[in-house]
Amino acid sequence: MRIYHFSEHPYPEAWNDPHGYLRIDLPNRACDPKRAADLFHRYHDEYLLADELGLDLMLNEHHQTATCMNSTSIVSLSVMARQTKRARILILGYPIGHRPDPLRCAEELSTIDVISRGRLDMGFIKGVPYEFAPSNANPVGVMDRFWESHDFIIKAMTTHDGPFNWESEHFHYRQVNIWPRPWQQPHPPVWSTTASRGNARVLGERGYVMAILGSGYATKALFDAYREGYASTHNGALPGPDRFAYLALFATAHNETEARRRGELVAAYLRTGANVYAPFKNPPGYLSVDDNMKLMRGMTPDRSFTKDGRVVDMRTGSLQDLIDSVLMVCGTPDQCYQQIKDFIEYTGGMSNLLVMAQGGFLDHKDTCDSLTLLAEEILPRLKEFKQPGAANVAAA
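Residues numbered from 1 in each chain as written. Predicted model: local features only at pLDDT ≥ 70, side-chain atom pairs only at ≥ 80, totals over all residues. Heavy atoms only, no water.

**Student:** Any details on the environment of P27? Residues and values, ideally.
**Tutor:** Among the structural elements, P27 can be located in the loop between β1 (2-6) and α1 (33-53). With a relative accessible area of 41%, P27 lands in the partly exposed category. (Helix = DSSP H or I, 4+ residues; strand = E, 2+ residues; numbered from the N terminus. Buried < 20%, exposed > 50% of the residue type's maximum accessible area, 1.4 Å probe, protein only.)

**Student:** Pulling in residues and values, what's your account of the nonpolar core?
**Tutor:** By size, the foremost hydrophobic cluster in this structure holds 103 residues, and its most contacted members are F124, W191, M210 and L354. Looking at this core element by element, the count peaks at eight residues for strand β9 (residues 244-252). If sequence neighbours within four positions are ignored, W191 has contacts with Y4, L90, L92, D121, M122, G123, F124, V209, A211, A245, N352 and L354. Formed by eleven residues, the second largest nonpolar core is a distinct cluster that contains Y11, W15, A36 and A268. (Core = buried A, V, L, I, M, F, W, Y, C linked by side-chain atoms within 4.5 Å. Contact = heavy atoms within 4.5 Å.)

**Student:** Give me the packing of helix α6 (residues 219-233) against helix α11 (residues 333-347): which residues, what numbers.
**Tutor:** Between α6 and α11, the least distance of the axes is 9 Å, while the angle of their chain directions is 45 degrees. The angle between α6 and α11 places the two elements in the oblique class. Once α6 is placed against α11, the crossing between them reads as right-handed. Mapping the contact onto sequence places T219, K220, F223 and R227 in α6 and F343, Y346 and T347 in α11. Here the contact of α6 with α11 is built from residues that sort into three nonpolar, two polar and two charged. (Axes fitted to C-alpha atoms, helices over the stretch in contact; angles between N-to-C directions. Parallel < 35°, antiparallel > 145°, perpendicular 65-115°, else oblique. Left-handed = near helix turned anticlockwise from the far one by under 90°. Nonpolar A, V, L, I, M, F, W, Y, C, P; charged D, E, K, R; others polar.)

**Student:** Tell me about the side chain of R227, and please be specific about residues and values.
**Tutor:** Among the structural elements, R227 can be located in helix α6. Residue R227 is classed as buried on the basis of its relative accessible area of 14%. Looking at R227, its side chain comes within polar contact range of the side chain of D224, at 2.7 Å. Apart from residues no more than four positions distant in its own chain, R227 is found in contact with L238, P239, F244, T347, G348 and G349. (Polar contact = N/O pair within 3.5 Å; in protein donor to acceptor, adjacent residues only side chain to side chain.)

**Student:** Go over the environment of Y226, please, and point to the residues and values.
**Tutor:** Note that Y226 resides in helix α6. According to the relative accessible area criterion, Y226 is buried, its value standing at 0%. Residues Y226 and Y208, spaced 18 residues apart in sequence, show a C-alpha to C-alpha distance of 9.6 Å. Leave out the neighbours within four places in its chain, and Y226 touches A200, R201, L203, G204, G207, Y208, V209, M210, P239, R243 and F244. One polar contact links the side chain of Y226 to the main-chain carbonyl oxygen of Y208, over a distance of 2.5 Å.

**Student:** I'd love a proper account of the packing of aromatic side chains, names of residues and values included.
**Tutor:** If you walk through the whole model with that rule in mind, you get 13 aromatic pairs. Plain terms: the ring middles of Y4 and W191 are 5.5 Å apart, the flat faces sit at 75 degrees to each other, and that makes the pair edge-to-face. Taken together, the positions of Y4 in strand β1 and W191 in strand β7 (residues 190-193) put the pair 187 residues apart, joining distant regions of the chain. As far as burial versus exposure is concerned, Y4 and W191 are alike and both buried. Between F223 and F244 the ring centres are 4.4 Å apart and the planes differ by 35 degrees, which places this aromatic pair in the tilted class. One end of the pair, F223, is in helix α6; the other, F244, is in strand β9, with 21 residues separating them in the sequence. Note on F244: relative accessible area 1%, which makes it buried. Site record: aromatic cluster; members linked through ring pairs are F152, F164, W166 and Y173. It is K155 that lies over the ring of F164; its NZ or CZ is 4.7 Å from the centre. Geometry around Y337 places R381 over its ring, the cationic atom sitting 4.0 Å from the centre. (Phe/Tyr/Trp six-rings, centres within 6.5 Å; stacked < 30°, edge-to-face > 60°. Lys NZ or Arg CZ within 6 Å of the ring centre and 35° of its normal.)

As far as function goes, none of this settles anything; it's purely spatial.
Here you go:
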């Protein structure tokens, strides 16, 4: 079992800006660079603590928003690659769907893998819909570009005998010969995310690690679709739990009252994350016809599901709603362990837990205490827990 500590590097002082929207068009006058520097140093210190405690690290990238200042994830990756000692460093995600230069991506990630001495996990994503406008990218055909970019990056990382030429629909390079090549061979592990059964099956066919972000008990259907895809390309074998990951918000403390207070502070992330000006939310061509039909039926991505099928809106649900739908793991260490254990058993096995242990308005002191309890009182028990499907790890 591995647990990855995650923070979106928020700038919460701007969340109540009278402009009204927190992504894309919030004027950067609302950002004080001195305060931003303090926050970056704080968040990096928390990552270093997580490394010392035996946790792994997850970073991501968003653009033009006060909910995530980490707009150039390669910078924080560089800091972590040099300053941490043992943690796996997962970038989830790295939006190759709207990045115009996959050669640069291959160079950046290979260099990070070398500096970290082989501790990078590459989490490729297509990118969220409201960032296609600021990236000046066309949302039409995004998945075609995503897989072309992915194929190019993998070829660039695994070609060691001199330059090669690349000609595809979207990318053209005459001489490709990246230096340095990655530390991990043939390349760093590939992760990706999805909320679609079809995409889950594709990821299973490729055997990549699949991470589900806050889908609650609907996650099992996605894991099952992955298993079907994996079996179809691995002679009927089933994937081990190491192929599955799940992201939830997280808050713990020695007593339940304090844990729930922290949980309310972390939950502020969910209350603000979807605060996007309507024209940016679903640009034409970004979603498939099937996904647009789901939206029209009210199946929005800000919903999660409890074990009994109850729908929870992450923006308006109570703290208990968030816990019931596994959008959040919250409580004493014993309660958190039981919530995680129950979810793993329900989904059929999962050995990568991604936790937003810093989010919303949670301060540095509470974050450090929560991380310490997670590492010292929850992770050891999860490592001893017998995973469903663990017998299939060798087949993965």
